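Each chain, letter by letter, is given below.
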Amino acid sequence: LFLLLFIIAIFYDKLGYDTFKFNLFKKEDLRKISQQALVDALTQLPNRRALMQHLEFATKRCERNGTGLAVAFIDADNFKQINDSLGHKIGDQVLQKIASRLVTAVRGCDEVARIGGDEFIAIIEGVENNEDYIAVAERMVSAVHAPCTIENTELNLSVSIGVAMHAIGGSIEQLISSADTAMYRAKKDGKDQFRFFDA
C-alpha cells in the first residue's frame, strides 16, 4: 500500500500537476473564447449573435406569459461626420459613451446590444401598455442627448430610435426590420427622436 501511494505521488509530481494545470487553463481559455463570441469588444455589450439568442428566448417567453415585448432600433446621429472629422479614437469613445448611456436609460430587465457600427438594439420586455414603451424610448433619447465632453472636445450626441412591437407568430427578422424602418422615419423627421412602427 505504501509503495502504491509512493508511485502515485511520484506520478502526480512528474506528470499529474502539469497535466491538470494544462486542462484547467484549456477550460478557462474555452470559457473566455465562448464569452468573447457573444460580447462586443468595444462597448462590452452583447453583440448581434447574443442579441438574436436573447430575442428568441424573449419572444417565446412573452408569448407564453402573455406579456408585451418591443424592439428599439437605435442609430447614432451624424456619427460618420464625428468619425471622419475627429478620428476613429474619439469615434470609438463616442460609441462607448452612447452604449453606457443607453444601458442606464433602460430598465434592469431590458437588454441593450451593439449589432455593428453605430447601431444598437434594445429589447424592451414585460411592458403592460404603450405608455411604458414611450417612457423607455424617451429616456434613451434624452440620456444620449445630455452634454458630453471627450478629450476636451464638446460634442452634441443624439440618436434616432425606431420601436416595433412583437406580434404573436411574427418572425424576429421582421420585428427588427420594422424597428429599422421606424428608425429611418425618425431620422427623416429630424433625428434626435423616436418613432413607432405602424404598417
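Residues numbered from 1 in each chain as written. Predicted model: local features only at pLDDT ≥ 70, side-chain atom pairs only at ≥ 80, totals over all residues. Heavy atoms only, no water.

**Student:** For this particular structure, what's the right way to read the overall build of the chain?
**Tutor:** Scanning the chain from N- to C-terminus turns up six helices and seven strands. Its helices and strands taken in sequence order, the chain reads α-α-β-α-α-β-β-α-β-β-β-α-β from the N to the C terminus. Residues classed as buried in the chain amount to 39% of the 199 residues present. Within the chain, contacts between residues separated by at least 24 positions form 68% of all contacts whose residues are at least 6 apart in sequence. When the accessible surface of the chain is split by element, carbon and sulfur atoms take 55% of a total near 12,000 Å². (Helix = DSSP H or I, 4+ residues; strand = E, 2+ residues; numbered from the N terminus. Buried < 20%, exposed > 50% of the residue type's maximum accessible area, 1.4 Å probe, protein only. Contact = heavy atoms within 4.5 Å. Areas by Shrake-Rupley, 256 points an atom, 1.4 Å probe, with all protein chains shown as cover.)

**Student:** Got a minute to help me understand the nonpolar core in this structure?
**Tutor:** Within the largest apolar cluster, 35 residues are counted, with the highest numbers of intra-cluster contacts made by Ile74, Val94, Ile98, Met140 and Ile161. Those elements that provide at least two residues to this core are β1 (68–76), α3 (79–86), α4 (88–105), β3 (119–127), α5 (130–145), β4 (148–150) and β6 (159–165). Filtering out sequence-adjacent residues up to four positions away, Val94 remains in contact with Phe79, Ile82, Ile150, Leu155 and Leu157. One finds Val71, Ala113, Ile176 and Met183 within the second-largest nonpolar core, a separate group that totals 17 residues. (Core = buried A, V, L, I, M, F, W, Y, C linked by side-chain atoms within 4.5 Å.)

**Student:** Could you clarify how one ought to interpret the packing of helix α2 (residues 48–65) against helix α6 (residues 172–188) in this entry?
**Tutor:** Where α2 contacts α6, the axes come no closer than 11 Å and their chain directions differ by 105 degrees. Considering their axes alone, α2 and α6 lie roughly perpendicular with respect to each other. In this structure, α2 uses Met52, Leu55, Glu56 and Thr59 to contact α6, whose residues at the interface are Ile172, Glu173, Leu175 and Ile176. Along the lines of polarity and charge, the residues of the contact of α2 with α6 split into five nonpolar, one polar and two charged. (Axes fitted to C-alpha atoms, helices over the stretch in contact; angles between N-to-C directions. Parallel < 35°, antiparallel > 145°, perpendicular 65-115°, else oblique. Nonpolar A, V, L, I, M, F, W, Y, C, P; charged D, E, K, R; others polar.)

**Student:** Help me understand the sheet that holds β6, please; the structure alone is not making it clear to me.
**Tutor:** Strand order in the open sheet formed by five strands is β2-β3-β1-β6-β7, with mixed pairing between adjacent strands. Single-partner strands in this sheet number two, and they are β2 (111–116) and β7 (194–196). For this sheet, the mean inter-axis angle between neighbouring strands, taken without regard to orientation, is 20 degrees. Pairing of β6 with β7, which is carried by three bridges, proceeds in the parallel orientation. Across the sheet, the residue bridging to Gly162 is Arg195, located in β7. On the sheet, α5 packs against β1, β3, β6 and β7 and is oriented at approximately 165 degrees with respect to β6. (Pairing = 2+ DSSP bridges.)

**Student:** Please explain the packing of α4 against α5 as it appears in this structure.
**Tutor:** Helix-helix packing is characterised by the crossing angle of the two axes and by the distance between the axes. Viewed as axis vectors pointing N to C, α4 and α5 meet at an angle of 145 degrees, and their least axial separation amounts to 8 Å. Between α4 and α5 lies a crossing whose hand is right-handed. The segment α4 lies against α5, with Ile98, Arg101, Leu102 and Ala105 engaging Arg139, Met140, Ala143 and Val144. For the contact of α4 with α5, the class distribution of residues is six nonpolar, no polar and two charged. (Left-handed = near helix turned anticlockwise from the far one by under 90°.)

**Student:** Could you clarify how one ought to interpret unusual backbone geometry in this entry?
**Tutor:** Peptide bonds are mostly trans, and most non-glycine residues show a negative phi. The phi dihedral of Glu151 is positive, around 50 degrees, even though this residue is not glycine. Mapped onto the elements, Glu151 comes out in the loop between β4 and β5 (153–155). What makes Glu151 partly exposed here is its relative accessible area of 43%. You will see that Lys191, though not glycine, has its phi angle at about 70 degrees, which is positive. You can see Lys191 is positioned in the loop between α6 and β7. Classification of Lys191 as partly exposed rests on a relative accessible area of 31%.

**Student:** Would you mind going over the pattern of salt bridges with me for this structure?
**Tutor:** A pair can form between side chains of opposite charge whenever their charged atoms are brought close. For the structure on display, the rule yields 10 salt bridges. Asp77 serves as the salt-bridge partner of Lys187, at 2.7 Å between the closest nitrogen and oxygen. Highlighted residues: Lys187 in helix α6 and Asp77 in the loop between β1 and α3, separated in sequence by 110 residues. Each member of the pair, Lys187 as well as Asp77, carries the same accessibility label: buried. Residues joined in a network through salt bridges with shared partners are Asp75, Asp77 and Lys187. (Salt bridge = Lys/Arg side-chain N within 4 Å of Asp/Glu carboxyl O.)

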